[in-house]
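Coordinates in review
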Amino acid sequence: FKNTRIQPEWTAMDYLLEVVRVDQEKMQEQTFLNEKKNGRLKRKRRIQEENSKNKRPITSYPPKPLMPEGLKQHIVENMGGSNCVLVIQKQLFFSDVNPQASRLLIPFSQVESHEFLNESEVERLKNKEAIQACLVEPSMEETDINFKWWDMRKNSMYVITTSWNSIVKNNRLKAEDVVQLWSFRVDSTLCFALQKL
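The paragraphs below set out a description of the structure included in this document. (Residues numbered from 1 in each chain as written. Predicted model: local features only at pLDDT ≥ 70, side-chain atom pairs only at ≥ 80, totals over all residues. Heavy atoms only, no water.)

A closer look at helix α2 (residues 69-79)
Taken together, the buried positions of α2 are L71, H74, I75 and M79. Within α2, the buried residues cover an arc of 95° as seen down the axis, which keeps them to one side. Residues E69 and E77 are exposed on α2 and point more than 90 degrees away from its buried face. Packing partners of the buried residues in α2 comprise β1 (81-91), β3 (131-136), β4 (142-151), β6 (178-186) and β7 (189-196). Of the residues one or two after α2, G80 is the one with positive phi, at around 70°. (Buried < 20%, exposed > 50% of the residue type's maximum accessible area, 1.4 Å probe, protein only. Helix = DSSP H or I, 4+ residues; strand = E, 2+ residues; numbered from the N terminus. Arc of directions from axis to C-beta. Contact = heavy atoms within 4.5 Å.)

Notes on the nonpolar core
In terms of nonpolar packing, the biggest core is built from 27 residues, with I106, F147 and F192 touching the most fellow members. Contacts of I106, omitting those with residues within four sequence positions, involve V87, I88, V111, F147, M157, Y158, I160 and L181. L71, M79, V186 and C191 belong to the second-largest nonpolar core, a separate cluster that totals twelve residues. (Core = buried A, V, L, I, M, F, W, Y, C linked by side-chain atoms within 4.5 Å.)

Topic: unusual backbone geometry
Glycine aside, the phi torsion of most residues is negative, and most peptide linkages are trans. Phi at S163 is positive, roughly 75°, even though this residue is not glycine. Looking at the secondary structure, you find S163 in the loop between β5 (156-161) and α5 (164-170). On the basis of relative accessible area, S163 is assigned to the partly exposed category, the value being 29%. The phi torsion at R172 lies on the positive side, around 50°, for a residue other than glycine.

In structure tokens:
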């Protein structure tokens, strides 16, 4: 309590508050000294980074995902499919594999392109109709699913329901797995393929 005027009427709480105040002052001083010391190092690092940035061109784009050959071969040769389009690549959350929820959420904000749907399918989805589709599981089994459009308060999303729990179980999907959902057409019928990365 150096440089502190202690009042005779102070309670135990007042003493504690003073301890906290002094402790915070000391922490701020230490932080300031550390930042001052690190500031010199950061400036030096920043100058080095800027120099190295100027030397190489900034043209690194993430590679566009390609459909695995085995899956593509199955779709084209065994099913007569075409027009393969990546719908989404996402990390599964607990809610995506929770048996009580029994659905896969596909947020619009993460969808690569909405052009995998034709106009009549978009109309049906907007009218709250489900589209029945075939989904090729990672195990290459074919399963019937319902594909829907949900409007939430702030964002909309596509949803896969019906048979989702069995898809999760059959392919041992778990939270934090990364999956890709592809769409394709067999004749004019909408189909999907799920790939576990």
